[in-house]
Structures are given as C-alpha cells and as structure tokens.
Amino acid sequence: MRLRGMGRTALIGLVATMMMAGCSGSGDEVKPGGTTNAAGLEKTQLLIGQYPGADSAPLFIAMERGFFKEEGLDVKQEAIQAPQAVLPKLSNGQMDVVLGSYATILTIQESGQEKFKYIADSYQGATGAFGVMVAKDSAVKKIADLKGKKIGVNSLTGLGVLTMNPHLKINGVDPKTDVTYVVIPTTNWLSSLEKGDVDAVWMTDPYVSQAESKLGATMLIDTMSGPTESLPITGWAATEKWIGANPKTLAAFQRAMAKAQNIAATDRDAVTKILPSFTQIPAETAATINLGNYPTTLNAQRIQRVADLMLEFGFLKAKMDVTTMIVAPQG
C-alpha cells in the first residue's frame, strides 16, 4: 500500500532500479553483441579446425554433451585437410584452435610460418590401426622384400613415411634408396593396392579393416609397434599470439576437452557412436575398426619422440625442445 503514496516519477525510478539489480545480481558480464560471459572469458565464440576422423571424436563428444556450454563457450567446427591450409585463418584470428599431426605442427614451427603451442593431446597410435598393407597374392612376404618396390603413402613428409622408415631401417632396407614412395590420395588406397599400381600401401583404419575384408590384404608392417609403438599422432594447438590474448578462454577450452578426452579414453562405445555423425564411416564399420588411444595428459616426453624421429630421418633440420611448446592445463 505504501506504493500508492509515491509519485509516478519515483515509482518508475524504483522499478528501474529493481530491474537493474535483478539483471546484475548474477555477476554475469554482458559483452558487446549480447554474449553473456559469467567467467570473464576473453572470447566465447570459437571456431575449431578438425580432421574428420577418430582423432576428433573428443571434440564432438564435448559438443554433444554440452561441456563447452558449461564453460561459457559457443564452439563451432570446420573440417580441414591440414593445418597448412588454414594458416591464414589461424594467424588472423578467424580460427582459434586447430587439430594437427604433431609432425605437421613441428614442421610449421621450424619453418617460422607460425608459432604454435600444444594445448591438449588428442590421439596416439595403437596396434592394428596404422600399417603397411600388401595384396592377398603379393610376393612381398617380409619387410626385406620391399627392396626395389613402390609403397603408396598419402604424403611424402607425413606420418606414414615417418613411422615406416624406422622399420625399414632395422630390417636392412634403406628408406632413401631401396624403396620408392608414391603419393596416393586416401580415397584411392584400396583401388591402388587392388590394381597393383604399387606393391604396398600405408593405411589407417577404417581402410586397414576394409583392405583385409574386401581384398584379403594383410598387414606387413604394423607402424605403431616396435620402435614406433604408441607414437603420438595428433594434438590441439593454437598460436602463441592467441594463447597470450585469451588465457581464460584457453583454460575453459582445456577443461571441456579434458572431460571429453577422459570419456574417449575409457568408453569405446562413446567414440564409435559419435564417429558416423562427422565422418563418412558407417556405424557398422565404426563398431569394429581398430582405434588408437586417447591420452588424458599432455606429456612433453611423449611428443619429444616425434621430434627426435623427425630429426633422425631428415624431416627436421635441427633438434627441437618440445617442452617450450606445451601449455599445460591450469585446472
């Protein structure tokens, strides 16, 4: 009843004050453009570059289960072929984070094209998921038989050659003079092996499984065994400039990805169920393919193995200290 005694102007002022108090009572900071930022994040809308393969499964688990939203992040993703293709976007801030093979990021780092740091691990090799396949009736029965032969790979400076070379070397085959690497697009791996365009093809699953079931092919070299056992494959990276400008956003991204990575590491079904949603892998194939592993820590010692291997086989010109490129999660 006391409100009746107030003047109209006073009443309007009281209502406005109450509305302002209600809006600010949550402690949220309203950013330009209407984005509410409760944690004081420097950016809330992120674009992430990813490979449409098993490596990226944790990202899509995090998106599907709302882990990014819980951190105040609105995450969009873009399928890429390689980090080199999106370097301009990363350099000018149009893209925030990228998934890249450790070999690729290290190559870019040494070239000086961009300065990256690793912010989260993604994928690690495991038995049966990466290997050199030979046809059912192939005369190549052992690694030494590859002398003078042609081997199909998706890149002359990629993971296939890098992980194959140590196996050739310890079996008396010189990677530089005894074999010829031939670039074959991923989509042509099976047909090239079947037609005999090459004597062997380095493949990843699901192509490994398809070569076995459709062509009767066998794995001559498991390139994630012996000297290359459990080699790190891919990780999430951002530019030094982006990391310096967005420390709180970075921490939020790392927390969300850590939750998803733990799920991928312990629940195969979660991975195989999400794969068909962003890849061309059918559900029935996803259920049976050989998967790599999903490390739950960002370990410089593991990644250093990649850098040292690259130096040994001429992928890098000088030794690199990977510890300077690690941004450990802050919790």
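Residues numbered from 1 in each chain as written. Predicted model: local features only at pLDDT ≥ 70, side-chain atom pairs only at ≥ 80, totals over all residues. Heavy atoms only, no water.

Asks: When you look at the overall build of the chain in this model, what are you seeing that I'm missing?
Replies: The secondary structure content of the chain amounts to 13 helices and 12 strands. Burial analysis of the chain (331 residues in total) assigns 50% to the buried set. Put simply, 75% of the contacts in the chain that link residues at least 6 apart link residues at least 24 apart. (Helix = DSSP H or I, 4+ residues; strand = E, 2+ residues; numbered from the N terminus. Buried < 20%, exposed > 50% of the residue type's maximum accessible area, 1.4 Å probe, protein only. Contact = heavy atoms within 4.5 Å.)

Asks: How do you make sense of the pairing of strand 3 (residues 45–50) when you look at a structure like this?
Replies: The side chains of a regular strand alternate, first on one face of the sheet and then on the other. Of all six residues in strand 3, five are buried; the element is thus mostly enclosed. By the bridge criterion, six bridges tie strand 3 to strand 4 (residues 74–79) in an arrangement that is parallel. Note on strand 4: the bridge partner recorded for Ile48 is Gln77. The pairing of strand 3 with strand 5 (residues 97–101) spans two bridges and is parallel. Its bridge partner being in strand 5, Ile48 is matched across the sheet by Val97. (Pairing = 2+ DSSP bridges.)

Asks: How should helix 11 (residues 268–278) be read in this particular structure?
Replies: Spacing of three or four residues puts side chains on the same side of an α-helix, whose turn is 3.6 residues. Within helix 11, the full set of buried residues consists of Ala270, Val271, Thr272, Ile274, Leu275 and Phe278. Buried positions along helix 11 lie against strand 3, helix 2 (57–64), helix 10 (247–266) and helix 12 (283–286). The backbone nitrogen of Asp269 lies 3.2 Å from a side-chain oxygen of the residue at the head of helix 11, namely Asp267. (Polar contact = N/O pair within 3.5 Å; in protein donor to acceptor, adjacent residues only side chain to side chain.)

Asks: What am I meant to see in the sheet that holds strand 4 here?
Replies: Remark on secondary structure: sheet strands pair via backbone hydrogen bonds, oriented parallel or antiparallel. Spatial strand order, 4-3-5-12-6: five strands in an open sheet with mixed pairing. At either margin of the open sheet sits one strand with a lone partner, and together these are strand 4 and strand 6 (116–124). Taking the axes of each pair of neighbouring strands and ignoring which way they run, one obtains an average angle of 25° across the sheet. (Axes fitted to C-alpha atoms, helices over the stretch in contact; angles between N-to-C directions.)

Asks: Help me out: how do you make sense of the layout of surface pockets in this one?
Replies: Gaps between atoms show up when a probe of the same size as a water molecule is rolled over them. In this structure, the largest pocket spans a volume of roughly 1400 Å³. Tyr51, Gln81, Asn154, Thr186 and Thr204 are the residues nearest the centre of the largest pocket, which is lined by 44 residues in total. Among the elements that line the lining of the largest pocket, the one with the most residues is helix 5 (residues 102–111), at four residues. Residues of the lining of the largest pocket, tallied by class, amount to 22 nonpolar, 20 polar and two charged. Within this model, the second largest pocket holds a volume of roughly 250 Å³. As for the second largest pocket, its lining consists of 16 residues, of which Ala120, Gln254, Ala258, Thr296 and Pro329 are closest to the centre. Those elements that provide at least two residues to the lining of the second largest pocket are strand 6 and helix 10. The dominant element in the lining of the second largest pocket, judged by the number of residues it contributes, is helix 10, at seven residues. For the lining of the second largest pocket, the per-class residue count stands at eight nonpolar, six polar and two charged. (1 Å grid on protein atoms, 1.4 Å probe; cavity = no way out; pocket = protein on both sides within 12 Å on 5 of 7 lines; lining within 4 Å. Points joined across faces, edges and corners; volume = space filled by probe spheres on them. Nonpolar A, V, L, I, M, F, W, Y, C, P; charged D, E, K, R; others polar.)

Asks: Help me understand the confidence of the model for the chain, please; the structure alone is not making it clear to me.
Replies: Predicted coordinates in areas of low pLDDT are best not read in detail. Per-residue pLDDT for the chain averages 87, and the proportion of residues at 70 or more is 88%. Per-element confidence in the chain is highest for helix 3 (residues 67–70), whose mean pLDDT is 98, and lowest for helix 1 (residues 8–24), whose mean pLDDT is 37. In the predicted structure, residues 1–36 sits below a pLDDT of 50 and forms 16 contacts with residues beyond four places in sequence or in another chain. (pLDDT = per-residue confidence, 0-100.)

Asks: Sorry, what's going on with the nonpolar core here?
Replies: Side chains of nonpolar character tend, in soluble globular proteins, to be buried together. Core analysis: the biggest nonpolar cluster contains 107 residues, and Tyr118 and Leu146 have the highest contact counts within it. The element contributing the most residues to this core is helix 10, with eight residues. Dropping the residues within four chain positions of it, Tyr118 is found in contact with Tyr102, Ile105, Leu106, Trp236, Ala237, Leu298, Ile303, Val322, Met325, Ile326 and Val327. (Core = buried A, V, L, I, M, F, W, Y, C linked by side-chain atoms within 4.5 Å.)

Asks: Help me understand the environment of Leu220 in this model?
Replies: Tracing the chain through its elements places Leu220 in strand 11 (residues 218–222). According to the relative accessible area criterion, Leu220 is buried, its value standing at 18%. Considering only alpha carbons, one finds Leu220 and Lys142, 78 residues apart in sequence, at a separation of 6.7 Å.

Asks: Quick question: what am I supposed to make of the sheet that holds strand 9 (residues 179–183) here?
Replies: Pairing within the open sheet is mixed, and its five strands lie in the order 9-8-10-7-11. Edge positions in the sheet fall to strand 9 and strand 11, since each has one partner strand and no second. Put simply, the sheet's adjacent strands are angled 35° from each other on average, direction ignored. The strands touched by helix 6 (residues 159–170) are strand 7 (130–134), strand 8 (149–153), strand 9, strand 10 (200–204) and strand 11; relative to strand 9, the strand with the most contacts, the crossing angle is about 165°. Set on the sheet, helix 8 (residues 207–215) makes contact with strand 7, strand 10 and strand 11; between it and strand 10 the angle comes to about 125°.

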